[in-house]
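Structure at a glance
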Amino acid sequence: MAKGKRLKEPKRRKKAEAAVGGDQPEAAEQQPEPESPEFPTEDTQETPAPAVEEAPGADIPLEVAEGEATEEEWLEEDEAEEGEEKRRLRKGMSRSRRILGRPFARAATRRAIDPQFWEDAEDALIAADAGVESATTIVEAARKRITSEGVRDLEGLRQVFREEVAEMLRSFGERPAVSDEKPHVVFIVGVNGVGKTTTSAKIGYQYKSEGQKVLFAAADTFRAAGIEQMEMWAQRVGAPVVRHKTGGDPAAVVFDALESATARGIDIVIVDTAGRLHTKKNLMDELNKMWRVAERQLGYPPESILAIDATTGQNGVSQARIFGEAMELGSIALTKMDGSAKGGVVLAIGRELGIPVSYIGVGEGMSDLRPFDPEEYARALF
Amino acid sequence: MFESLGDRLQDVFTRLRGRGKLTEKDVDAAMREIRLVLLEADVNFKVVKQFVDHVRERSIGEEVIKSVTPAQQVVKIVFDEMTDILGGKEKDIRFAPHPPSVIMLVGLQGSGKTTAAAKLAVLLHRQGRTPLLVAADVYRPAAVEQLQTLGTQIEVPVAYYKHKSALEICEQAVKEGARKGNDVVILDTAGRLHIDTEMMQELVDIKASVDPSETLLVVDAMTGQDAVNVALTFLETLEFDGILITKMDGDARGGAALSMKAVTGRPIKLASVGEKMNDLEVFYPDRVASRILGMGDIVTLVEKAEEHMTEEKARKLEEKLRKQKFDFEDFLEQMQQLRQMGGLSKVMEMVPGMSGMARQQGLDVDDGQLKRIEAIIYSMTPQERHNPHVLNASRRRRIAAGSGTSTQDVNQLVKQFSQMQKMMKAFTGKGAGGMGMLKRLFPF
């Protein structure tokens, strides 16, 4: 398994790219870095508010244009500049943006990029569930760039933060490609209540709209009415379902679904699994069995997507780690982004385990699941 | 689920204990670590700030710095603050003076309302009540079926009326409950986003109409920093009375639970701790706090020890321990203090892992034995008490006769005493874990 390699990858890549200077190489390379050129690694976790300790009095004056000083105003201005396309994601995230916008608004009021700003920025990222490590890393990286590139205006500040977040997200790699052979099998896994069935339906709907032949496997045989829920969704999507009775062996459902898929010439099989707490050994074993059944039957590995609820805290890292032990985790679907939660835990997960985000769910409608775009996410965040 | 948070905090405390006297710098370092631990456990960042500030303020105060056992004092402060954050004593569910009482469950999608509703019905049924479940989630596909299936499983009736709005279902169900003699009606409402004003209005309408005696916000234990936003919005619009935490059987570190009470002022009343239908429990903040700190009831122990031991005595004892001059006289004194504290078995119980550890080391003392030991020591001459090595066979026979015990008993005590001295050496060294912190208090 390539897992060992994968763990290290994001950090290494980050360092490598940092050395080249990220998005604005000229500015970064012209000025000698005052501090260590190394990007902070996990060692920095013990430094909660580096700015306050390391750079007292190193305030940078912030140039604030008329009317830019209040947070509300730039929020509105932003809404106007966006198209309808992104409005829903932004609307949902507006509350988070208020928190994430606070450091900028406060800095604007003080007219200074000072230690307080860096502390606020770190708090804001922590409030977004990014985790202390990721928050420190992003703030630290942004600080170096802002200092060396001489960024002096609000929009510039925000831009740097966006780029750093997007950069970090990109460093987690990409969703594995669809297998050449048919059918391509996608397992949707996750803890209880994160929206696996809905996500299964939405992903199925997407493939269906692309003209693919989709089949659902109702492998949530545990939850009361789990199968019925999948059937209702499948009906809405207009795709067939393979189901057994409640309480049946989910691995058998997978087996039958794959048989049926081969017989019917199906392109994509979506396996909706039962929600399970990653701490339940027997349930994780059950999942592993389903995975092995599919792998053996296909002769090539299926894909798996871990559904993570945007409200999830740092426990998401533990979820991803343990689910990743039961199967090869390909990517994460970040669900329920239409609430006030920011889903920053994907930063913590990616940083730790190098798992990218593939989808983002922004509403209850069938089409409210979209491929994840790091830039868009970062923009919505800041 | 709080264990891992507890472990992390224990590490911090262990490092803290490694230092004799605490300087402000030591406290600051510990507070930085505590901050990190709490943030990683998803405690809301504002709550963390407040918590750490409080603990720091109290920890660098006079009482701690001058105390003989500063590290313990800090632990106790952390405990106090944590219990405070969690809400002190447990709070009961409220019932209406005239049945049926209506309990309304609200929350985000996926927080576990439907399962929690069924579990609550089981809990109430166990208490001798006759609950009626109401399927008021008319939006999620198969939600009604889910509750009906659960109802059949736990043998609790489920009310549902086709083609009605959630409000109508609730109103009608409460009437049906009254007619059929159900004394509790549990409303399983649809999950909704707190920022969805239309859907929130539905809850407001239901609440106004059926007047629940208890409205519970159902919160997933794995929720991160946003838990607070959710809770606050629900509080603003709905004025819920308490919180029900679900999925406590995962390995989440429980930060959301820790933040809830602090931010909303509403107590956590119930916690779902497993998959089984009878895995819903009353939430005990103080017990949870001691579990988080991985300390059993060590706080009571510290308090009791302090009650019965003056600083002067503690210092003397420490001195003796360090110089390894601990004798039967001191042993006797310690034992008497121990008895004042409720006896050895009580003390052992309060220290996590202590009884097991002591047994492993061959130190097997029960409370009845303490009396006998006392008698034996009383039968010793002062010289014998100070210099146990003079105890030859003839002396032992005399002591046995004098104390009404057998020579074997005396032999055993002498043996145990020397073992204890060995153990104490280990205590005074580093890394004795839970036992290490007790080294100055009593050397048993």
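In this text, all values refer to a predicted model and were calculated from it rather than measured experimentally. (Residues numbered from 1 in each chain as written. Chains lettered and ligands numbered in written order. Predicted model: local features only at pLDDT ≥ 70, side-chain atom pairs only at ≥ 80, totals over all residues. Heavy atoms only, no water.)

A word on the overall build of chain B
- On a plain count of helices and strands, chain B comes out with 21 helices and eight strands.
- In chain B, once contacts between residues fewer than 6 apart in sequence are set aside, the share between residues at least 24 apart is 76%. (Helix = DSSP H or I, 4+ residues; strand = E, 2+ residues; numbered from the N terminus. Contact = heavy atoms within 4.5 Å.)

Describing the sheet that holds strand E6 (residues 268-273) of chain A
Residues and elements named next belong to chain A.
- As summarised here, the arrangement of the eight strands in space is E5-E4-E6-E3-E7-E8-E9-E10, forming an open sheet in which the pairing is mixed. Every other strand in the sheet has two partners, leaving strand E5 (241-242) and strand E10 (369-371) as the edge strands with one partner each.
- Two strands pair when backbone bridges link them, and strand E3 (residues 184-189) and strand E7 (residues 303-309) are joined in this way by four bridges, in the parallel orientation. Each residue of the ladder has a partner; that of Val189, found in E7, is Leu306. (Pairing = 2+ DSSP bridges.)

Details of the packing of helix H9 (residues 197-210) of chain B against helix H10 (residues 227-238) of chain B
All names here are of chain B.
- Contact geometry for H9 and H10: axes closest at 10 Å, N-to-C directions at 45°. By the criterion of interaxial angle, the relationship of H9 to H10 is oblique. Here the hand of the crossing between H9 and H10 comes out right-handed. Across the interface between the two elements, Met200, Leu203, Val204 and Lys207 from H9 touch Thr233, Phe234, Thr237 and Leu238 from H10.
- Across the contact of H9 with H10, the residue classes break down as five nonpolar, two polar and one charged. (Axes fitted to C-alpha atoms, helices over the stretch in contact; angles between N-to-C directions. Parallel < 35°, antiparallel > 145°, perpendicular 65-115°, else oblique. Left-handed = near helix turned anticlockwise from the far one by under 90°. Nonpolar A, V, L, I, M, F, W, Y, C, P; charged D, E, K, R; others polar.)

A few points about the packing of aromatic side chains
- For the structure on display, the rule yields 11 aromatic pairs over all chains.
- For the ring pair B:Phe328 and B:Phe417, a centre distance of 4.2 Å and an interplane angle of 25° mean the geometry is stacked. Placement of the pair is B:Phe328 in helix H15 (residues 328-340) and B:Phe417 in helix H21 (residues 407-428), with a sequence separation of 89 residues. The two residues B:Phe328 and B:Phe417 agree in class, both being buried.
- Among the aromatic residues, those joined into a cluster by ring pairs are A:Phe104, A:Phe117, A:Trp118, A:Phe161 and A:Phe382.
- Here A:Arg236 stacks its cationic end above the ring of A:Trp233, 4.7 Å away from the centre of that ring.
- Over the face of the ring belonging to B:Phe95 we find B:Arg129, whose NZ or CZ atom lies 3.6 Å from the ring centre. (Phe/Tyr/Trp six-rings, centres within 6.5 Å; stacked < 30°, edge-to-face > 60°. Buried < 20%, exposed > 50% of the residue type's maximum accessible area, 1.4 Å probe, protein only. Lys NZ or Arg CZ within 6 Å of the ring centre and 35° of its normal.)

Thoughts on the environment of A:Arg111
Residue and element names in this part refer to chain A.
- Of note, Arg111 is situated in the loop between helix H5 (84-110) and strand E2 (112-113).
- By relative accessible area, Arg111 is classed as partly exposed at 46%.
- Sequence separation between Arg111 and Val357 is 246 residues, and the spatial gap between their C-alpha atoms is 36 Å.
- Discounting chain neighbours no more than four positions away, the residues touching Arg111 are Pro61, Leu62 and Val64.

Things to note about the nonpolar core
- Membership of the largest hydrophobic core comes to 165 residues, with the highest contact counts inside it found for A:Phe161, A:Phe187, B:Ile34 and B:Phe234.
- Both domain 1 (3-86) and domain 2 (101-292) of chain B contribute no fewer than three residues apiece to this core.
- Those residues in contact with A:Phe161 that sit more than four places away from it in its chain are A:Phe104, A:Phe117, A:Trp118, A:Ala121, A:Ile138, A:Val139, A:Ala142, A:Ile146 and A:Phe382.
- Ranked by size, the runner-up nonpolar core spans 27 residues in total, among them B:Ala116, B:Leu123, B:Ile154 and B:Met277. (Core = buried A, V, L, I, M, F, W, Y, C linked by side-chain atoms within 4.5 Å. Domains from an automatic or database assignment.)

Let's talk about the side chain of A:Ser200
Residues and elements named next belong to chain A.
- Among the secondary structure elements, Ser200 is positioned in helix H9 (residues 196-209).
- Accessibility expressed as a relative area gives 0% for Ser200, which makes it buried.
- Only 3.5 Å separates the side chain of Ser200 from the side chain of Asp272, close enough to count as a polar contact.
- If we skip the residues at most four places from it in the chain, Ser200 touches Ile188, Phe216, Met230, Ile270 and Asp272. (Polar contact = N/O pair within 3.5 Å; in protein donor to acceptor, adjacent residues only side chain to side chain.)

Some remarks on H9(B)
All names here are of chain B.
- Taking 1.5 Å of rise per residue, the 14 residues of H9 would be expected to cover 20 Å, and the 20 Å separating its terminal C-alpha atoms lies within 8% of that figure.
- Listing the buried residues of H9 in full gives Met199, Met200, Glu202, Leu203, Ile206, Lys207 and Val210. Down the axis of H9, the smallest arc covering the buried residues is 145°, so these residues share one side. Seen from the open side of H9, the exposed residues pointing more than 90 degrees away from its buried face are Thr197, Glu198 and Ala208.
- Looking at the buried residues of H9, the elements they touch are strand E1 (101-107), helix H8 (166-180), strand E4 (184-189), strand E5 (214-220) and H10.
- Looking one or two residues past H9, Asp211 carries a phi angle of roughly 45°, positive in sign. (Expected span 1.5 Å × (residues − 1). Arc of directions from axis to C-beta.)

A closer look at the packing of helix H8 (residues 154-170) of chain A against helix H15 (residues 374-381) of chain A
All names here are of chain A.
- For the pair H8 and H15, the least separation of the axes is 8 Å and the interaxial angle reads 140°. Here H8 is positioned oblique relative to H15, judged by the angle of their axes. Considering the relative orientation of H8 and H15, their crossing is right-handed. For the pair H8 and H15, the contacting residues are Gln159, Arg162, Val165, Ala166, Leu169 and Arg170 in the first and Pro374, Glu375, Tyr377, Ala378, Arg379 and Leu381 in the second.

Description of the side chain of B:Ser379
Residue and element names in this part refer to chain B.
- Counting through the fold element by element, Ser379 comes out in the loop between helix H18 (367-378) and helix H19 (382-386).
- At 3.4 Å, the side chain of Ser379 forms a polar contact with the backbone nitrogen of Ser403.
- Excluding residues that lie within four positions of it along the chain, Ser379 makes contacts with Glu384, Arg398, Ile399, Gly402 and Ser403.

With respect to the sheet that holds strand E8 (residues 280-282) of chain B
Residue and element names in this part refer to chain B.
- Strand order in the open sheet formed by eight strands is E3-E2-E4-E1-E5-E6-E7-E8, and the pairing between neighbours is mixed. One side of each edge strand has no neighbouring strand; the edge strands of this open sheet are strand E3 (158-159) and E8.
- Bridge analysis of E1 against E5 gives five bridges, and the strand direction is parallel. When the bridges of E5 are listed, Met104 appears paired with Thr215.
- Against the sheet, H8 contacts E1, strand E2 (131-136), E3 and E4, and its axis sits at roughly 165° relative to E2.

Some remarks on the interface of chain A and chain B
- Taken residue by residue, the interface counts 46 residues in chain A and 36 residues in chain B.
- Overall, the association of chain A and chain B removes approximately 3,500 Å² of surface from exposure, summing both partners, and the carbon and sulfur fraction of that is 56%.
- Remark: the boundary between chain A and chain B carries six salt bridges.
- Two residues, B:Asp226 and A:Lys342, come together in a salt bridge whose shortest N-O distance is 3.6 Å.
- Inspection of the region where chain A meets chain B yields 13 residue pairs in polar contact (both at pLDDT 80 or more).
- Secondary structure elements with two or more residues in the side of chain A that touches chain B: H5, helix H6 (115-127), helix H10 (226-237) and helix H13 (315-326) of chain A. (Buried area = accessible area lost by both parts, 1.4 Å probe. Salt bridge = Lys/Arg side-chain N within 4 Å of Asp/Glu carboxyl O.)

Quick look at the confidence of the model for chain B
Residues and elements named next belong to chain B.
- Confidence in the prediction for chain B averages 81 pLDDT; 81% of positions are at 70 or higher.
- Here residues 430-444 is modelled with pLDDT under 50, and outside its nearest four sequence neighbours on either side it reaches 47 contacts, counting other chains as well.
- In the predicted complex, the global pTM is 0.71; the interface-specific ipTM is 0.73. (pLDDT = per-residue confidence, 0-100.)

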